[in-house]
Amino acid sequence: MLAMSEPEPTPEQEQEPEPEPESVATEPEPENEANAEPVPDWDEARELWSWAWQLHTYGFGLAFTALMLFSVMRMYFSCRSCRGKVTNAVALRLILFGCLILTTGFRSISLLVDPYGSCSKLSGLTINLLWSLTFPFLSAALNLLLFILLETTKLTTCHDHSRNMIILAFGTCIYIVVTITTDIIIALVKEVKGLMLFCQLVFVVWSTTIMIGFCFVCYKVKSNLRNANSVKKTDTEERRVTLFLRRVSACACTGFLFMAAQLYSIFGVFGVLSTSDEKVDPWSWWVFQTCMRTIEIAMCCLIHALVGNDSKYTSKLKSIKMKISKRWNSVINRSSSAVKPFNDSSTNLSPTTCYQE
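This report concerns the structure included in the present document. Nothing here was measured: the structure is a model prediction, and the numbers come from that model. (Residues numbered from 1 in each chain as written. Predicted model: local features only at pLDDT ≥ 70, side-chain atom pairs only at ≥ 80, totals over all residues. Heavy atoms only, no water.)

Another point: the overall build of the protein. Helix and strand counts for the protein stand at twelve helices and zero strands. Seen in sequence order, the protein has helices and strands lined up from the N terminus as α-α-α-α-α-α-α-α-α-α-α-α. Burial status across the protein gives 37% buried among its 357 residues. When contacts within the protein are restricted to residue pairs at least 6 apart in sequence, those whose partners lie at least 24 apart make up 80%. (Helix = DSSP H or I, 4+ residues; strand = E, 2+ residues; numbered from the N terminus. Buried < 20%, exposed > 50% of the residue type's maximum accessible area, 1.4 Å probe, protein only. Contact = heavy atoms within 4.5 Å.)

Here you go:
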């Protein structure tokens, strides 16, 4: 009977259960694009570089760390040598060492913790700040070194010194603010290359002006030496002046080389103006970055060499050398005294005494 027939299934019951949507494989998150400049494909590059990548990152990272600790030590001895009397020269040295500590510290952290943002351990903004804040403090250190050279060679007055320090402090603060603002904007808006280009050009122009100042110091010192040919100088004084001129010339040449490398990084295939969407060649990028880090370390070493040694620092080194030489001489004397009895004639056994009965 129709009344007793089973009820027809409703459309809802006829619908087969919808298959669960297949879980879409989540794509791996892209690596942290910390650099506004073109970088190689990190996975492919690390496999291609092998041990050269560790040599670059850890080698330069430890080198910058050693320079940072050396700057801290020299700042400590400068504070002790002033004995509460902070003169213009001492103040310049302390500020210069502080700039070097920040410069080398930022470089060592960025290379040892997250080199070039390749490991994605730090955010893009942090990497950019650690990397770009190096340039304002390096420029300030070079400018302070120029002030020290001008004051040492008596090419500036006390009034000029105060005015130059105010201008330097004001310019450095503006440079730092512009750099931080640029990094924040780049972290929010990815395609802003004009601001990055502006900061790099400011560093190039500023540092080139400082290098011209180094050349001016060399020229004035040489001209003063020509005018003072009648004054007799000892061999030690001549050696010191020659070494001073060589160091200033080396610093100027290294600075110009660094500026040329910076211009190449701006307008070349590794710069922010690069229009190529492809990844750069790994070995070309490695060689370029290695040259840049080498020049930066050379500039920091030349700055330390030109600043000179503190009296406390040199006396401490002399005392350490004296202690080492005394201990070495005592070790030699003990060893010679221990060997001496065997050369004594009383204990020397000749064939005649051995076979004499």
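After that view, the rundown keeps rolling.
Attention now moves to the nonpolar core. Counting residues in hydrophobic clusters, the biggest one holds 68 residues, and the most contacted among them are Leu-96, Leu-145, Phe-214 and Phe-258. Top element by residues in this core is helix H6 (residues 134-152). It accounts for 13 residues. When near neighbours in sequence (up to four residues on either side) are disregarded, Phe-258 contacts Phe-135, Leu-138, Phe-203, Met-292, Ile-295, Glu-296 and Met-299. (Core = buried A, V, L, I, M, F, W, Y, C linked by side-chain atoms within 4.5 Å.)

What follows covers the packing of aromatic side chains. Scanning the entire structure with this criterion turns up 16 aromatic pairs. Considering the side-chain rings of Trp-42 and Trp-49, the 6.5 Å spacing of their centres and the 65° angle between planes classify their relative orientation as edge-to-face. Assessed through its relative accessible area of 4%, Trp-42 is described here as buried. An angle of 55° between the planes, with centres 5.1 Å apart, marks the rings of Tyr-116 and Trp-131 as tilted. With a gap of 15 residues between them, Tyr-116 in the loop between helix H4 (88-112) and helix H5 (124-132) and Trp-131 in helix H5 connect regions that are remote in the sequence. Like Trp-131, Tyr-116 is buried. A connected cluster of aromatic rings, assembled from ring pairs, spans Trp-42, Trp-49, Trp-53, Tyr-116, Trp-131 and Trp-285. (Phe/Tyr/Trp six-rings, centres within 6.5 Å; stacked < 30°, edge-to-face > 60°.)

Here the focus is a nonpolar patch on the surface. A cluster of nonpolar side chains, contributed by Tyr-58, Leu-62, Ile-109, Leu-112 and Val-113, occupies part of the molecular surface with about 440 Å² of accessible area. Counting residues per element, the ones that place at least two in the nonpolar patch are helix H3 (51-82) and H4. Judged by relative accessible area, which is 35%, Val-113 ranks as partly exposed. (Patch = residues over 30% accessible without salt bridge, like charges linked within 9 Å, V, L, I, M, F, W, Y side chains within 5 Å. Areas by Shrake-Rupley, 256 points an atom, 1.4 Å probe, with all protein chains shown as cover. Salt bridge = Lys/Arg side-chain N within 4 Å of Asp/Glu carboxyl O.)

All right, on to the pattern of salt bridges then. Pairing is possible between side chains of opposite charge, provided their charged atoms come close. What the rule picks out here adds up to three salt bridges. Between Arg-46 and Asp-43 there is a salt bridge, with its nearest N and O atoms 3.4 Å apart. In this pair, Arg-46 and Asp-43 are both assigned in helix H2 (residues 42-49), three residues apart and thus about one turn of the helix distant. Here Glu-296 and Arg-107 are joined by a salt bridge, their closest N and O atoms 2.9 Å apart. Within this pair, whereas Glu-296 is found in helix H10 (residues 282-307), its partner Arg-107 is found in helix H4, the two being separated by 189 residues in sequence. Across the pair, Arg-107 and Glu-296 agree in class, each one buried. Connected through shared salt-bridge partners, Arg-107, Arg-293 and Glu-296 make up one network.

What follows deals with the environment of Met-211. Inspection of the secondary structure puts Met-211 in helix H8 (residues 194-227). Along the chain, Met-211 and Asn-143 lie 68 residues apart, while their C-alpha atoms are 9.2 Å from each other. Residues contacting Met-211, with those up to four places away along its chain left out, are Leu-142, Cys-251, Ala-252, Gly-255 and Phe-256.

Looking now at the side chain of Thr-182. Take Thr-182: it is sitting in helix H7 (residues 158-188). We classify Thr-182 as buried; its relative accessible area is 3%. If we skip the residues at most four places from it in the chain, Thr-182 touches Leu-195, Met-196 and Cys-199.

This part is about the packing of H3 against H4. When two helices pack together, their arrangement is captured by the angle between the axes and the distance separating the axes. The contact between H3 and H4 brings their axes to 8 Å, and the two run at 160°. By the criterion of interaxial angle, the relationship of H3 to H4 is roughly antiparallel. Regarding H3 and H4, the two cross each other, and that crossing is left-handed. Of the residues that constitute the contact of H3 with H4, the class distribution is 17 nonpolar, nine polar and three charged. (Axes fitted to C-alpha atoms, helices over the stretch in contact; angles between N-to-C directions. Parallel < 35°, antiparallel > 145°, perpendicular 65-115°, else oblique. Left-handed = near helix turned anticlockwise from the far one by under 90°. Nonpolar A, V, L, I, M, F, W, Y, C, P; charged D, E, K, R; others polar.)

Below, the discussion takes up unusual backbone geometry. Comment: phi is negative for the bulk of residues other than glycine, and the bulk of peptide bonds are trans. For Ser-50, which is not glycine, the phi dihedral falls at a positive 60°. Residue position: Ser-50 is located in the loop between H2 and H3. Its identity as a non-glycine residue notwithstanding, Ser-120 has a phi of 60°, on the positive side.

The next point concerns the packing of H2 against H10. Orientation of H2 relative to H10, taken along the N-to-C sense of each, is 75°, at an axis distance of 10 Å. If you check the angle between H2 and H10, you find them roughly perpendicular. Residues Trp-42, Ala-45, Leu-48 and Trp-49 of H2 touch H10, and the partners they reach there are Pro-282, Trp-283, Trp-285 and Trp-286.

On to a negative patch on the surface, then. A surface patch of negative charge is lined by Asp-41, Glu-44, Glu-47 and Asp-281. Note on placement: Glu-47 falls in helix H2. Glu-47 gets classed as exposed once you look at its relative accessible area, which sits at 70%. (Lys, Arg positive; Asp, Glu negative; His and termini not counted. Charge placed at Lys NZ, Arg CZ, Asp CG, Glu CD.)

Below, the discussion takes up the environment of Val-90. Examined against the element boundaries, Val-90 turns out to sit in helix H4. Setting aside residues up to four positions removed in sequence, Val-90 forms contacts with Ser-78 and Cys-82.

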